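# Reading the structure
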Amino acid sequence: MNDLKADIVIVGGGMAGFAAALAAAGEGKSVIMAERQQMLGGNATQSNVGTICGAYYRSVPGPAVFAGHSFGYNLINELASVGICGEPIMHHNGLYVLHYQWSQFHSFLEEKLVRAGVVVLKNTEVLEVGRNGSKIEHIITTTNDTKTKITGLAFVDCSGNAILSRLAKIDVISTGNYQAASQVFRVTGIEGDNEFTVNMSLKRLISKLIAEKNFPESYRSISVVPGSLENGAVDIKFTLPDIISDDAALQQMLTEKSKNYVQVLFETIKNNTSIFRNAVIENIFPMPGIRTQQRSKGKYILTGSDVLECRKFDNYVALGTWPIEEWFNDGGLSLEYFGEDSCYQIPAECLTSGVIDNLFFAGKNISADDKAIASARVIGTCLQTGYAAGKMATCPAPDAMPEIIRQLQQDLAVHHV
Ligand SMILES: Cc1cc2nc3c(=O)[nH]c(=O)nc-3n(C[C@H](O)[C@H](O)[C@H](O)COP(=O)(O)OP(=O)(O)OC[C@H]3O[C@@H](n4cnc5c(N)ncnc54)[C@H](O)[C@@H]3O)c2cc1C
């Protein structure tokens, strides 16, 4: 078995893990990141969800006002400067989204981590946790059948599925009431240059086929990913009919099933709409997008009421601006809004374990109920909880934590337009 050591160990290389790793490295700590896939970015790249939501306050009619740490603000500006993101676009009801270019995003993330000195272990899955009382001492990972023991002072679980708590055999939030998953695929060679028209022609066709009982109800949600239509290519997203459970084997099967769904759906679209008659599939993004799964249980569980009432907390370390967005297997979508220009706060207690002193959580794995995570799972908020958890993980002793939280709050108070 190989042996590695770092101050901070990050599990999961999605957007939360990325932010956590850079935050910890920025404090001068040695950082190792373990990611089980071959590509960094998690849902953002493996599933190509296509837009960054939750980075701005909801505001009608605008302008877009950024919400979050300077880290996220600088990141978005950097993404814009290298052409990965454009300007924020008003999606609907005052909600701003940023479309990003998938093809360059994952390499951008990796280069940035490596430049910051983070040791990135891809294709590396966490299998075991070595726990000693109220501390995690190490994790055991596997990379192409080679096992590695990674010892750390603190661990940040950004797996999106509470892997460290599960392996450490402590309680997790597991409601079984998970949102429907979606698959994104990219087609090229289409004959329309207006995103609205392309979107409507897809929706009209699929509604007709569902009415004729040729397609599952869930496909009703089919849509063009906002901002993705460019040079005759477009990203298309649709909701999968399968129920999402905690069963890892079923999730694995979903990846294969999803590819078949895309083939059948695409052939139908191609044969029934003039816009798509010469189109071809350019890419079926590698992973179906699983929105919610098991989550870590922290010292506090953020609730849907906290979100809708824009609740404030003394120990807040992140801000949530996105509505509660829930997707259902019948293709339905529910959006529950709070006021414009408002936010709720996410306290440090949602990012810290009540059982294991050196375990932190971030991203869609924070301590939140089903409703609250339906808001806090968007990328803009994942970047914030990731950044906050990464900083908190560097805390040398409990009495130093208030100062770290104070610094995070000071940063959140900066007004970026
Ligand atoms: C269909 C869909 C559409 C969405 N649309 C949008 C949108 O338009 N805008 C938006 O802002 N958000 C959207 N979201 C939400 C957002 O994309 C995700 O919630 C967010 O990217 C989650 O980031 P994360 O880092 O917390 O988790 P993830 O992206 O899930 O990253 C977790 C990482 O951990 C790794 N991992 C898991 N287990 C292990 C293990 N045992 N060992 C090692 N690594 C492990 C995974 O491979 C993964 O890379 C959407 C989500 C879905 C599913």
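A brief structural summary.

Between its terminal C-alpha atoms helix α6 (residues 195-211) stretches 24 Å, which fits the 24 Å expected from 17 residues at 1.5 Å a residue. What α6 keeps buried is the set V198, N199, S201, L202, L205, I206, L209 and I210. Here the buried residues of α6 occupy an arc of 165 degrees about the axis, which is enough to place them on one side. In α6, the exposed residues that point more than 90 degrees away from the buried face are F196, R204 and A211. Those residues of α6 hidden inside the fold are in contact with β12 (223-224), β13 (233-239) and α7 (248-272).

Another aspect to go through is the site of the ligand. The full set close to the ligand counts 33 residues, and E35, N43, T51, C53 and R377 are the nearest of them. For the ligand, an oxygen atom lies 2.8 Å from a polar atom in the backbone of I379. Relative to its unbound accessible area of 1000 Å², the ligand is 96% covered by the protein chains. Elements that contribute at least two residues to the shell around the ligand include exactly α1 (15-26), α2 (43-46), β3 (51-53), β7 (124-132) and α10 (379-392). Considered class by class, the residues forming the shell around the ligand number 13 nonpolar, 14 polar and six charged.

Attention shifts here to the sheet that holds strand β14 (residues 280-284). Read across the open sheet, the four strands follow the order β12-β13-β11-β14; overall the sheet is antiparallel. Every interior strand has two partners, whereas the edge strands, β12 and β14, have only one. Taken together, the two bridges between β12 and β13 define a ladder with antiparallel strand orientation. Note that in β13 the partner of S223 across the bridge is K237. The sheet strands contacting α7 are β11 (182-188), β13 and β14, and the helix crosses β14 at an angle near 160 degrees.

The rules behind each value
Residues numbered from 1 in each chain as written. Predicted model: local features only at pLDDT ≥ 70, side-chain atom pairs only at ≥ 80, totals over all residues. Heavy atoms only, no water. Helix = DSSP H or I, 4+ residues; strand = E, 2+ residues; numbered from the N terminus. Expected span 1.5 Å × (residues − 1). Buried < 20%, exposed > 50% of the residue type's maximum accessible area, 1.4 Å probe, protein only. Arc of directions from axis to C-beta. Contact = heavy atoms within 4.5 Å. Near = heavy atom within 4 Å. Polar contact = N/O pair within 3.5 Å; in protein donor to acceptor, adjacent residues only side chain to side chain. Areas by Shrake-Rupley, 256 points an atom, 1.4 Å probe, with all protein chains shown as cover. Nonpolar A, V, L, I, M, F, W, Y, C, P; charged D, E, K, R; others polar. Pairing = 2+ DSSP bridges. Axes fitted to C-alpha atoms, helices over the stretch in contact; angles between N-to-C directions.

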